[in-house]
Amino acid sequence: MKTNPGHFFEDYSIGQRIDHAVPRTVTTGERALYHALYPARHALFSSDEFAERCGFDQSPLDELIAFHVVFGKSVPDISLNAVANLGYAEGRWLKPVWPGDTLRAVSEVIGLKQNSNGRSGVVYVRTTGFNQWDEPVLDYVRWVMVRKRDPEAPAPETVIPDLKGALDAADLVVPEGLDFLQYDFGLAGEAHRFGDYGIGEKIDHVDGVTIEDAEHMMATRLWQNTAKVHFDATHREDGRRLIYGGHVISLARALSFNGLANAQMIVGLNGGAHANPCFAGDTVRAWSEVLDKAETPAPGVGAVRLRLVAYRHGAPEFALRTEEGKYHPDVLLDLDYWALMPV
Amino acid sequence: MKTNPGHFFEDYSIGQRIDHAVPRTVTTGERALYHALYPARHALFSSDEFAERCGFDQSPLDELIAFHVVFGKSVPDISLNAVANLGYAEGRWLKPVWPGDTLRAVSEVIGLKQNSNGRSGVVYVRTTGFNQWDEPVLDYVRWVMVRKRDPEAPAPETVIPDLKGALDAADLVVPEGLDFLQYDFGLAGEAHRFGDYGIGEKIDHVDGVTIEDAEHMMATRLWQNTAKVHFDATHREDGRRLIYGGHVISLARALSFNGLANAQMIVGLNGGAHANPCFAGDTVRAWSEVLDKAETPAPGVGAVRLRLVAYRHGAPEFALRTEEGKYHPDVLLDLDYWALMPV
Amino acid sequence: MKTNPGHFFEDYSIGQRIDHAVPRTVTTGERALYHALYPARHALFSSDEFAERCGFDQSPLDELIAFHVVFGKSVPDISLNAVANLGYAEGRWLKPVWPGDTLRAVSEVIGLKQNSNGRSGVVYVRTTGFNQWDEPVLDYVRWVMVRKRDPEAPAPETVIPDLKGALDAADLVVPEGLDFLQYDFGLAGEAHRFGDYGIGEKIDHVDGVTIEDAEHMMATRLWQNTAKVHFDATHREDGRRLIYGGHVISLARALSFNGLANAQMIVGLNGGAHANPCFAGDTVRAWSEVLDKAETPAPGVGAVRLRLVAYRHGAPEFALRTEEGKYHPDVLLDLDYWALMPV
């Protein structure tokens, strides 16, 4: 067979390294599309002049462009036969990605655990994105539940990686040159700075976006993520295309501008859950909670740890979990990340 | 509250200057999207070689890209609480915008008039777009009806600016270097030139486009215009998203290529009304009327003043107003602008 | 009348040359949109580094971008009044198109045959695309059935061009510098090379995409192809917009990555039929058949002749024709092309 059947649970082994195919050069074309697909307004990714004032030579590409491209590369090898995308941990952005950079991705299998039913198992991989100089620009752990090809295949030894619940602030990599001492709060869009946010503070981001199928398909394809379930309306019994979870991440992050306009750069991904599936026609809103704050060695740069929750219109204010501890059925995303903000 | 509540009528004062947030670098990525979103074919904005033959170093970005970006910047400060966008006047394009330029916008409040019901008022602003060298590239006046936060707030002194009904040809700025003496009518797509258009002449532009929600949302987001009503289907009682008026302007202008292929550059905006709301599913058509003609000092360059009317499929030919003097319910846009055309 | 009425059958004459309007500069913006609109993953068009390893200075634009732009230019002069797009032959890609190139198109009328009903006729044109250095980058023959303006107009002498059923491998132009000796099959996405494909082999490309109106309209507009039937839902009695046949070509070619990831460059178009109309809501799948193989003089480069069939979900496996010899009603495209593949 010439087509890619994807990998099954028994195909993975601890320490296995997978070089993902199809490197991708990303340009200002991808940036323009990002602005068309998401209500993204963080000034550092919108204006070369604003970025220069923050110590860069030009505006980098949104960190989520880097994430989506690297993630998309890994789909054919990691999640083509995945039943579920279970979690993320220890995600770090290590270098900005600039227009013209070429990204490729490599994954290492760091954990395996067969499910008790013997039909599937959980695979943990650490995926790293590299630029054209072989410098790592991003790495993160994710774990997925993958079907077995042959239920009779023997179970591998269970290895569950020891993952941090959240990155320490000291683990974060502040991009070289970043300097918020000349930061222009007026041009950034909001006056609130590091000191204005208190741990435990919650912000309802007010705005909502109703998603169309054409939009999430264009976004997902742009990252060369070709998982059937996002594109083929005949794949699910209900005739609906499941929206790529990363689309909801980018949408929620963009909506969070309204209240977090100065949380300019994402540098760490502590964890994340795609709590419920999202479909075209859903109106997505978002709220954030300040989980932690920390200083960084970079001039004028603080780090804020944020929970970002995307939810469907109609959910109660700051909805997260039901009394039974499950996610509220209208919660779509529960993301835990570190962002850099001027002090 | 950390989120932007927008300004209310009583927040504005005569002479107030508002520096709008989030400067934006525009590139060939934005141009490609413009061509995907609108049936734009004017050769000067399509081909570097054609633009070079007209005296430029390269093809500038469509003037409406500049307009939309500058307009989009002003939305959070001017029209977030607007009940209606009432009009435009004295719009001038002052410099071409080139790929790589960064635009920001500033508005000055030049008029205020509280409505007799005391609950809202009309705010007049002159908005100017600047490039990265602080050169103005565009300015225009618009006035919007804005709600009051507190109906008891005292009415400001009424100031209604003295606005020109139409720019004089002498007010128009012809871009430096523009020269139509080597103009290639074959490559431009039509043979009709300045002398072939008579004042009073009307042109039905024949083509029509049925609008999808995904398209107008991508377009509007591309300009970082995040007004709720365009994106959130739960915002209006009828569950429809109101299409950004500027989307209809760009669509109608692009459709006008068929009959006005040589009206290459927009240089003046005399006035405009978004006559009726436009929604996804509407099939939009356009007609034009030649209102005036003038010479310019630039070699081979004439100026044509045009009325551009966008209408919904089904309206009678050259529909504009009903017998009562109101806009025909299928008229969407009535725009009055100056364009440059080879003589 | 100022608007373009298109040409009618009696307007064409043998040897007539038509310079099509509106040259177009294509950039990385168009490439980004191509990746958003189609699940395109061939590595040569995705990564500058991969392209450098294949002997180029950078990644060229997808050959189908060149095709669509050139085709789009010809629409206002050739197919505005076309009843049907009947076929293609002798298509050759002659030079890669690079970001920043400006394309224009010229057609020559090479055949005419009035239909027996006297109301229409078949027009054969050879269309050539040129870059900004007046180098031909692409040429192909297509023939369309065009209405007559006046059924009484005399029939022209019938001239039917002598067209090759398929290009010989020796007719193909391998781009200067192309060299697959350092080809990285891992990064390309599949291990199968020239020797692994047998003549007669068929490949079902597995994946499917359900098309939305917003997507095909954005794609078609991007190529400045403004034929009414693709955009105006009031044009057909059933209220559906007919999808541009080229959209189906690009979609099917992109889907064929899964099984033909190493068929990197299209260099020849032997023929093609848009077997049945395609509409939004259709889920499109594809299969290929290896028709022929040949060596080329370029290092490490073989040529594979492929049949690419796009079909609607639900058609039987490898569906092509019914027992009566007609295309199966769910077959959308039957394309015959040459591609270059590492040996």
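Under the annotation held in an unreviewed UniProt entry, chain A carries the name MaoC domain-containing protein and is attributed to Celeribacter indicus.

Caption draft 1: Region of the structure containing the interface of chain C and chain B. Counting residues at the interface gives 32 residues for chain C, matched by 44 residues for chain B. Approximately 3000 Å² of surface area, both sides summed, lies buried where chain C meets chain B, with 58% of it carried by carbon and sulfur atoms. Of all residues in chain C, the largest losses of buried area upon contact with chain B belong to C:Lys2, C:Met218 and C:Arg221, amounting jointly to 24% of the total for that side. Connecting chain C to chain B are 5 salt bridges. At the boundary of chain C and chain B, one finds 22 residue pairs in polar contact (both at pLDDT 80 or more). Counting residues per element, the ones that place at least two in the side of chain C that touches chain B are strand 2 (24-25), helix 1 (28-37) and helix 5 (213-222) of chain C.

Caption draft 2: Structural view of the interface of chain A and chain C. Every contact between the two is made by 32 residues of chain A and, on the other side, 44 residues of chain C. Per-residue buried area on chain A facing chain C is highest for A:Lys2, A:Met218 and A:Arg221; these three make up 24% of the total on that side. If you look at where chain A meets chain C, you find 5 salt bridges. Across the pair A:Arg221 and C:Glu215 runs a salt bridge whose closest N-O atoms are separated by 2.5 Å. One can count 22 residue pairs in polar contact (both at pLDDT 80 or more) joining chain A with chain C. Mapped by element, the contributors of at least two residues to the side of chain A that touches chain C are strand 2 (24-25), helix 1 (28-37) and helix 5 (213-222) of chain A. The element best represented in the side of chain A that touches chain C is helix 5 of chain A, accounting for 6 residues. Residues of the side of chain A that touches chain C, tallied by class, amount to 12 nonpolar, 12 polar and 8 charged.

Caption draft 3: Looking closely at the domain arrangement of chain A. Residue and element names in this part refer to chain A. Here chain A is partitioned into domain 1 (1-26 + 61-163) and domain 2 (189-343). A separation of 21 Å is found between the C-alpha centroids of domain 1 and domain 2. Counting residues at the interface gives 21 residues for domain 1 and 21 residues for domain 2. Among the residues of domain 1 in contact with domain 2, Glu63, His68 and Tyr88 are the three that bury the most area, contributing 33% of the side total. Here domain 1 is connected to domain 2 by 0 salt bridges. For the pair domain 1 and domain 2, the number of links is 11 residue pairs in polar contact (both at pLDDT 80 or more).

Caption draft 4: Structural view of the side chain of A:Arg142. Residue and element names in this part refer to chain A. Examined against the element boundaries, Arg142 turns out to sit in strand 6 (residues 136-147). This buried residue, Arg142, is left without a salt bridge; Asp77 holds the nearest opposite charge, at 9.1 Å. Of note is the side chain of Arg142, whose polar atom sits 3.1 Å from the side chain of Ser74. Engagement of the side chain of Arg142 in a polar contact is seen with the side chain of Ser79, the distance being 3.0 Å. Not counting residues up to four positions away in its chain, the partners in contact with Arg142 are Phe71, Ser74, Val75, Ile78, Ser79, Asn85, Gly87, Tyr88, Val123, Tyr124 and Val125.

Caption draft 5: Examining the pairing of strand 11 (residues 301-312) of chain C more closely. Residues and elements named next belong to chain C. With respect to burial, strand 11 is a largely interior element, 11 of its 12 residues being buried. Looking at chain direction, strand 10 (residues 283-295) and strand 11 are connected through 11 bridges and run antiparallel. From the neighbouring strand, Glu289 faces strand 11, where its bridge partner is Arg307. Count of turn residues in the strand 10/strand 11 antiparallel hairpin: 5 residues, of which Gly300 carries a positive phi of about 75°.

Caption draft 6: Layout of the environment of B:Met218. By secondary structure assignment, the location of B:Met218 is in helix 5 (residues 213-222). When the C-alpha atoms of B:Met218 and B:Gly87 are compared, they prove to be 24 Å apart, with 131 residues separating the residues in sequence. Non-local contacts of B:Met218, meaning those with residues more than four positions away in its chain, are made with A:Leu33, A:Ala36, A:Leu37, A:Glu215, A:Met218, B:Leu33, B:Leu37 and C:Met218.

Conventions we followed
Residues numbered from 1 in each chain as written. Chains lettered and ligands numbered in written order. Predicted model: local features only at pLDDT ≥ 70, side-chain atom pairs only at ≥ 80, totals over all residues. Heavy atoms only, no water. Contact = heavy atoms within 4.5 Å. Buried area = accessible area lost by both parts, 1.4 Å probe. Salt bridge = Lys/Arg side-chain N within 4 Å of Asp/Glu carboxyl O. Polar contact = N/O pair within 3.5 Å; in protein donor to acceptor, adjacent residues only side chain to side chain. Helix = DSSP H or I, 4+ residues; strand = E, 2+ residues; numbered from the N terminus. Nonpolar A, V, L, I, M, F, W, Y, C, P; charged D, E, K, R; others polar. Domains from an automatic or database assignment. Buried < 20%, exposed > 50% of the residue type's maximum accessible area, 1.4 Å probe, protein only. Lys, Arg positive; Asp, Glu negative; His and termini not counted. Pairing = 2+ DSSP bridges.

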